[in-house]
Every structure is written in structure tokens, then in C-alpha cells.
Amino acid sequence: MRRLLALLLTLPALAAAAPAPAGDDGPTLNIVYLVPTDFGPLPGYRERLGKILLEMRDFYNRELARNGSPARLRMPIDPETGLVALEEIRGTRPLSGYPYEGGWKAALPEVQAHLEAHPRPDRSDRTLVIIPTHKDKPGVPFYGLGKYCFALDYEGFDYKDCGQDTPAGAKFKPWYGGMAHELGHGLGLPHTHATRTQAKTLGTALMGAGNRTLGFAPTFLTPGDCAFLESSPPCRVFAPRPLRKAEGFAPQVRRWQGTVRVSGRLPEGCSVRRIVAAYDKDDFGGVNDNYDAESFVVPFDASGRFDFAFPIGEIHPGRTDKLQIQLRLIHDDGTIELIRRAPDPEA
Ligand code: ZN
């Protein structure tokens, strides 16, 4: 599914570092149910989606724990039901006013106005927007858009169909996996592909084709995904330093002994917490060109120095010789700086 870059969504400047939240105590994801004027809300949506989202949260948190990460995805919980709580917003347009193409432009101001009018101390800056639609004619926004992501509800969308080899299960599969995948974008995750070992042992990466497998076949988050989630406000469990970008960062990216080696040093004082490197073959630059990119967390020392060779045995071959290395510098506050490089020839 596509990921659009946020053009209009600028980062709020972080003032002073806040106290570190514990795993369950900190900003939560905003989850809104945007009801068109002529359609929905659909029957039982609070119970159905509350359960779906609870399972989705638990998937993220099992994978964070399996990867050894202290981060935990936090969603608002309804104390009465124990399910994830959704905020209902009455939209100003009919369902046809929120089309897949460009419907976000209509939805986003309404969502933002709601969030501003209803401040809460536990709000994060990340928001999942769910729009009810026809079961057999979806047609509403379904993608990540900066700090927002869009998914849908249809009548009968119910976790009881998860993993079921039935017509209802087949219907459930792409919209459940798709919601989890788009949520990943909203939390800051780019596309990625399983390494060879991951593919053999863990299945399909959620941010690859996992939108078609979650709940039905082994699906997982990569260590790189977890590196992004660790700084994402609804997951973060540390007090972020104020943003200080990696000005003057000049990594070396070169071919080396049959693979590619990246090395360099992070500028002193920058707020980069993690570096994730992706090996993107064939086509790149478009929003859907990086499903094939295996990604790795690049370790660096206390002085910010790193020297990392891609484990070429873990990379699936491309169709062509075209290659782009992408380095993503993940800052404490969730800001991501992206550096794209064609590797230099071997020295
Ligand atoms: Zn996607």
C-alpha cells in the first residue's frame, strides 16, 4: 500500500525533555472513526474495531518484545470493556466526499479540528483514521500520510474471522493486515522486505507483503521496524532529547568485496538514536518501490562512528544491477532524516 509524504504536516518543536513514560504510561495513538453524513456508523463498530485494534496492538507489542525492544505501542483503552477506545467524529461530507484518491484532503482538516477541540493529556501526534464504507465497494482513503494513516470499516468486519479459511476470512484478511500495515506507516515505518533468514524463520514482514498475511500466516516486525517504533511517540519509553539534526553528515557508501559498506560518523550533539540501512534494488524513489529492500540496524559507537557491511548472503537478488542504499537517521523525537546513495565503486 502506498505511503505519501507529508507535505503539510510539520513537526511540533519539542520544548524540554519530558519525563520518560513507562511501557503503558505515555502518549497514546489517536484513533478516530469518521462518519460520513450519509453512511454509518456501522453496527457494533466499537466492539468490533475495539477487539481488532486490541489484537493489532498485541501483535506490535509481541514483536517489539521478541526483538528485545522496551518500546510498547499504546492505544486508548475503554475502562468498561477493556477494548481499544475509538473517538467518533461526524464528518461534513457524504461517503463519496472521501474518495480513495485525494479523500484525505477532505478528512484531514475535520480530524485535526476534532483533535484540537478535544485536547487530552495522553494524546500523541499520531492518528489512525477509520472511515466506514460499503463491504464490496471500499473506495475510501487507505494509506499512510505522514503522522496520519487511513483504514476502513465495513459491516461485519470482525476479528472472529481472523485466520479462517472462509469467505468472511478472505474478506477480513487484506483489511486487517492492511490496517496494521498502514498503521506502521503512520508510526514512521517505511516498506521493507524480510532477509533470507527472516523469510525462512519468521515469514513475511508486515511492512513488506504482510498486509496480506497478518493473522493468517507467520508475519513479523524486523529489528529495523522496531528501531523506528522506539522513537515513535505512541511507543516511546524514554525522554527524548530536543531535535538536533545531523548537519553535515557525510557517510561513505561504497562497493566492497561483493557487498556494500557504509561508514562514517554522526555529527557531534545530534539527536540521532538509531540508523537503519536499506538495500533497495531495481526501482527506487517512488512510494511503492521499496517493498524489496532488506533493512538492517547499523550499530554506532559512543562517538557516533559506524562501519557496516551489508550481509550480502541475507539479500535477495534484484532483477537488475540498479541499487540504492538508503540510510535513515532516526531521531529521539521520531523525526527521520533520509539519505539516498548509489554506492561508489570499490576503491
Ligand atoms: Zn505501504
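If you're wondering where the values come from, they're calculated on a predicted model, not measured in any experiment.

1. Notes on the overall build of the protein chain
When helices and strands are counted, the protein chain shows five helices and 15 strands. In summary, the protein chain has a C-alpha radius of gyration of 20 Å against a globular reference of 20 Å for 347 residues, a match within 12%. Taking the principal axes of the C-alpha coordinates as reference, the protein chain spans close to 65 × 45 × 35 Å. Taken across its 347 residues, the protein chain has 53% of its residues classed as buried. Here the contacts in the protein chain between residues at least 6 apart in sequence split such that 72% fall between residues at least 24 apart. Of the roughly 15,100 Å² that the protein chain leaves accessible, carbon and sulfur atoms contribute 53%. In the protein chain, the 42 positive side-chain charges and the 42 negative ones have mean positions that sit 3 Å from each other.

2. Quick word on the nonpolar core
Core analysis: the largest hydrophobic core is formed by 67 residues, its most contacted members being Leu49, Leu53 and Tyr60. Among the secondary structure elements, those contributing two or more residues to this core are strand S2 (28-35), helix H1 (45-66), helix H2 (103-117), strand S4 (123-132), strand S6 (148-153), helix H3 (167-187) and helix H5 (223-231). For this core, the element with the highest residue contribution is H1, accounting for nine residues. Not counting residues up to four positions away in its chain, the partners in contact with Tyr60 are Leu73, Ala180, Leu183, Gly184, Leu187, Leu206, Leu221 and Leu229. By size, the runner-up hydrophobic cluster in this structure holds 22 residues, among which are Phe249, Val260, Tyr279 and Ile325.

3. Comments concerning the sheet that holds strand S10 (residues 259-265)
Note on sheets: strands pair through backbone hydrogen bonds, and any given pair is parallel or antiparallel. Pairing in this open sheet of three strands is antiparallel, and the strands run S9-S10-S13 from one edge to the other. Each edge of the open sheet carries a strand with a single partner, namely strand S9 (252-256) and strand S13 (305-309). Adjacent strand axes in the sheet meet at a mean angle of 15 degrees when their direction is disregarded.

Each value, and the rule that gives it
Residues numbered from 1 in each chain as written. Predicted model: local features only at pLDDT ≥ 70, side-chain atom pairs only at ≥ 80, totals over all residues. Heavy atoms only, no water. Helix = DSSP H or I, 4+ residues; strand = E, 2+ residues; numbered from the N terminus. Rg over C-alpha atoms; globule rule 2.2 N^0.38 Å. Buried < 20%, exposed > 50% of the residue type's maximum accessible area, 1.4 Å probe, protein only. Contact = heavy atoms within 4.5 Å. Areas by Shrake-Rupley, 256 points an atom, 1.4 Å probe, with all protein chains shown as cover. Lys, Arg positive; Asp, Glu negative; His and termini not counted. Charge placed at Lys NZ, Arg CZ, Asp CG, Glu CD. Core = buried A, V, L, I, M, F, W, Y, C linked by side-chain atoms within 4.5 Å. Pairing = 2+ DSSP bridges. Axes fitted to C-alpha atoms, helices over the stretch in contact; angles between N-to-C directions.

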